[in-house]
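Observations on the three-dimensional arrangement
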Amino acid sequence: MLGFQRRSLGTLRLLISLLLLAAWEAGSGQLHYSIPEEAKHGTFVGRIAQDLGLELEELVPRLFQVESKGRGDLLEVNLQNGILFVNSRIDREELCGRSAECSIHLEVIVDRPLQVFHVEVEVKDINDNPPTFSLREQSLLVSESKQPDSRFPLEGASDADIGENALLTYRLSQNEYFTLESPTNSKPTKRLSLILKKSLDREKSPKLNLLLTATDGGKPELTGTLQLLVSILDVNDNDPEFDQLEYKVRLMENTAKETLVIKLNATDRDEGINGEVAYFLMSIKPSGKFLFTLDENNGEVRVNGTLDYEENKFYEIEVQATDKGNPPMAGHCTVWVEIIDTNDNAPEITVTSLSLPVREDTRPTTVIALISVSDRDSGVNGQVTCSLTPDVPFKIVSTFKNYYSLVLDSDLDREKVSAYNLVVTARDGGSPSLWTTATVSVEVADVNDNAPAFPQSEYTIFVKENNLPGSHIFTVSARDADMQENALVSYSLVERRVGERALSSYVSVHAESGKVYALQPLDHEELELLQFQVSARDAGVPPLGSNVTLQVFVLDENDNTPALLPTPVGGTVNVNELVSRSVGAGHVVGKVRAVDADSGYNAWLSYELLPAAGGARSPFRVGLYTGEISTTRALDETDAPRQRLLVLVKDHGEPVLMATATVLVSLVESGQAPKAASPMFASSAGQAEALVDVNVYLIIAICAVSSLLVLTLLLYTALRCSAGPTESACGPGKPTLVCSSAVGSWSYSQQRRQRVCSGEDPPKTDLMAFSPSLPPGLDREDEKGRQEAGLNNPVHPRQPNPDWRYSASLRAGMHPEAGEVSPPVGAGVNSNSWTFKYGPGNPKQSGPGELPDKFIIPGSPAIISIRQEPTNSQIDKSDFITFGKKEETKKKKKKKKGNKTQEKKEKGNSTTDNSDQ
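Residues numbered from 1 in each chain as written. Predicted model: local features only at pLDDT ≥ 70, side-chain atom pairs only at ≥ 80, totals over all residues. Heavy atoms only, no water.

Taking an unreviewed UniProt entry as the reference, the protein chain is identified by name as Protocadherin alpha subfamily C, 2 belonging to Ictidomys tridecemlineatus. Per UniProt, the comment on the protein chain under Subcellular location (unreviewed entry) is "Cell membrane". (UniProt positions renumbered as here; feature names shortened; annotations may be inferred.)

Here you go:
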């Protein structure tokens, strides 16, 4: 395709061009094509082979080729069809820049014959480039003093395209100050400029943000933008202005120097040095030039002298504020200062006629001091009222104008508060009021109104018997809340009789320290509890005192050896017994009786048969805890006719104390009548027989009295439950009556608690036991087993706690078959509950109505062993036993007086009393 482009408008020029073109085509065969830039790969340009008059079949043989100078492979010819097409991207701006014409020149060469053809491909412009500004933002500085119609040149945008695509138009964002002047086709020399429409005001709009947009003439249109930042430069065109033209201030007289009166503030809407304000004091009326100062930087007006209401009531201050612009501009204001009268004189207090110190028994309404007040001010400022510290037992009473009395208002107690610091306050009626305080120290003098007081009303002390004379056993201490001599406490005993002796023969108390001393060794057997009172008395006038009760429990020690019955002569008991040679094993020959005045383990006795001289085996043995002497086998002719047995009786105390008894056994033939035993043994048997009758009546009497006591106790308990619980500290112990069924009965009369509480009279504890009968065979087999166990397995009981007798309950344990009987552990003074326990060897427990073989009475020197005989057998009167320390003492006295009876010989099948303690 042949294309022509004409650039001239003249006809002549057109003709000349046509002639030249025709001549060029005739001479060189040049072709013209045109394509738009940015055409895609493969875009059709023209049928170059056909236009050049070449056949398609000869393109290859004639070596058809296309050459382009410096254009690379932008265009390519398809040798199969002879079509010229776009081979790669064509950018007109890259090829020709801003040139009006842009073409690609191609040389087509063929051989056989050699021919050269010239082909020109014109690249047409498209609108593919938007207008661009050199900067994204442009800042303009414009003085607010610029006049309207002032111009401010701007740099325009550029477009890489040509022709219509490069024709630019501009527009400015909407605003009230600037318009846009842009070049036109009629006036291409006119620059792009901003024109000021009206005067600027920096104080109103210090900055403007404008947007300039450039649009080209292509289709479609492309645009570019420029941000215009217009800063308005300040001009000193504003005066400093105060918030108010006049200020009114009220100041109290005597206001301190440098006190701030007012802080003035003047503002200038200009900026920089045009807006910096300085303050100046123009005048102070009337003639108060040195009474006030003004800080020129911050506008603070301060007091510089003494303001006196009586001298001047008003001051007028003229102030000027000036900025630092050129020329400077100024503003003015007036400050009116009003002086207010103040209450500048405080009241004065005078205290006279003090009556100090004040006794704590002083009556209320008593005048303690006189107070007078005064104030140099006048009117309301001179009216004074007086007040006192609250919550004190004093008050102020007005007696006359500005005169007051300090009066006691309630009772004093030095032990609670020993001194008062009273603050008297005098306050005037000014506003604000002034006050003055004065301190009056009132000391409270002590009066002996408090008795010495002990921390406890009663103390319990435990002291071992046989203490050293004069040993310290306790210290009492009483405190008296008073002071000086009223608090000086002395101690003394409250004298009374203890039995037949005075209390002071037992103990003493140190008058100053309160230490209690035992003046003599205490004996548990004589006195278990010593109860007395110690008095504490102060040295006041009149003296006051109080008492405290001390209960001294005397703890038992093993200081009494076992005592043999009857009373030995020369330290050894000799007993003569006649025994038939025909008796069998287990026959009871006799019994060694002994008691111990101690208690607990110390009174628990055991019996031991010492071996005979020469190591000969004796046919006799002794019960470990019963003292019964019985045969170990049948006697024969080889046994000596006279046997001398040495029995060792010892307690379980620490250290162990012991006694010995000698028993002479004479062996006689079975046909011979036994002769009378020793007078001493007969006397003992006679005494036991005499006691049986007495004990029968005692048992009956005790059961009757106990029954009445139980009924009384039940009635008393019912009354107590209905009237509310009360408890007596030292009431009688609760009695216990135990009556078993037909197998036997026993009773316990307890008077120990009365003895403990009163501390008077020696204790009396009696128990009577009746032993019913059981078959003798069972009894002897059981006794034999026990004695063998006692000989083969001696047991040493453990030492109990010294104060086991004062525990809460009583427990008795025993192991009859194992040979060990445990004494009561934890028995209390008021305890009356007994427990019988069998050892592992015999787990049998006593059934209802049955009695154990052995049991222990707390605090008693005996262990009761009960043997039961058949109902049809004859009961030995010695089975009725009354025991106790007091009864044993009576027996000893009777035996010493020589009341002896004939001893009856015990039968082989008779039962003996089992007493174990």
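**Focus: the pairing of strand β21 (residues 300-303)**
Sheet analysis places strand β17 (residues 260-263) next to β21, joined by 3 bridges and oriented antiparallel. Within β21, the position partnered with leucine 260 by the bridge is arginine 302. Across 3 bridges, strand β20 (residues 292-294) lies against β21 in antiparallel orientation. Directly across from leucine 294, in β21, lies its bridge partner valine 301. In textbook terms, the turn of a hairpin is the stretch between consecutive antiparallel strands, and for β20 and β21 this stretch comprises 5 residues, one of which, glycine 299, has a positive phi near 75 degrees. (Pairing = 2+ DSSP bridges. Helix = DSSP H or I, 4+ residues; strand = E, 2+ residues; numbered from the N terminus.)

**Remarks on the packing of aromatic side chains**
Under the counting rule described, the total for this entry stands at 10 aromatic pairs. With 5.8 Å between their ring centres and 45 degrees between their planes, tyrosine 601 and tryptophan 604 make a pair best called tilted. Here tyrosine 601 and tryptophan 604 have matching classes, each one buried. With centroids separated by 5.4 Å and ring planes inclined at 10 degrees, the aromatic side chains of tryptophan 604 and tyrosine 625 adopt a geometry described as stacked. On the criterion of sequence distance, the pair formed by tryptophan 604 in the loop between β44 (593-595) and β45 (606-609) and tyrosine 625 in the loop between β46 (620-622) and β47 (628-631) is long-range, its members being 21 residues apart. Judged on exposure class, the residue tryptophan 604 and its partner tyrosine 625 are both buried. Grouping aromatic residues by their ring pairs yields a cluster made of Tyr601, Trp604 and Tyr625. Here lysine 198 stacks its cationic end above the ring of tyrosine 177, 5.2 Å away from the centre of that ring. (Phe/Tyr/Trp six-rings, centres within 6.5 Å; stacked < 30°, edge-to-face > 60°. Buried < 20%, exposed > 50% of the residue type's maximum accessible area, 1.4 Å probe, protein only. Lys NZ or Arg CZ within 6 Å of the ring centre and 35° of its normal.)

**Considering the sheet that holds strand β1 (residues 31-36)**
Pairing is mixed across the open sheet formed by 4 strands, whose spatial order is β1-β7-β6-β3. The outermost strands of the open sheet, each flanked by one partner alone, are β1 and β3 (65-68). When strand polarity is set aside, the average angle formed by the axes of neighbouring strands in this sheet is 30 degrees. Alignment of β3 against strand β6 (residues 103-110), held across 4 bridges, turns out to be antiparallel. (Axes fitted to C-alpha atoms, helices over the stretch in contact; angles between N-to-C directions.)

**Concerning the state of the cysteines**
On inspection of all chains with the given rule, the structure shows 1 disulfide. Two residues, cysteine 96 and cysteine 102, share a disulfide whose sulfurs are 1.8 Å apart. Measuring the twist about the S-S bond at about 70 degrees, one finds the cysteine 96-cysteine 102 disulfide to be right-handed. Judged by relative accessible area, cysteine 102 falls into the buried class, the value being 2%. (Disulfide = S-S within 2.5 Å.)

**Some thoughts on the side chain of glutamate 37**
Note that glutamate 37 resides in the loop between β1 and β2 (44-46). Buried and unpaired, glutamate 37 has no salt bridge, with arginine 92 as the nearest side chain of opposite charge at 5.9 Å. Those residues in contact with glutamate 37 that lie beyond four places of it in its chain are Ile90, Asp91, Arg92, Glu93, Val123, Lys124, Asp125, Ile126, Asp128 and Asp161. (Lys, Arg positive; Asp, Glu negative; His and termini not counted. Salt bridge = Lys/Arg side-chain N within 4 Å of Asp/Glu carboxyl O. Contact = heavy atoms within 4.5 Å.)

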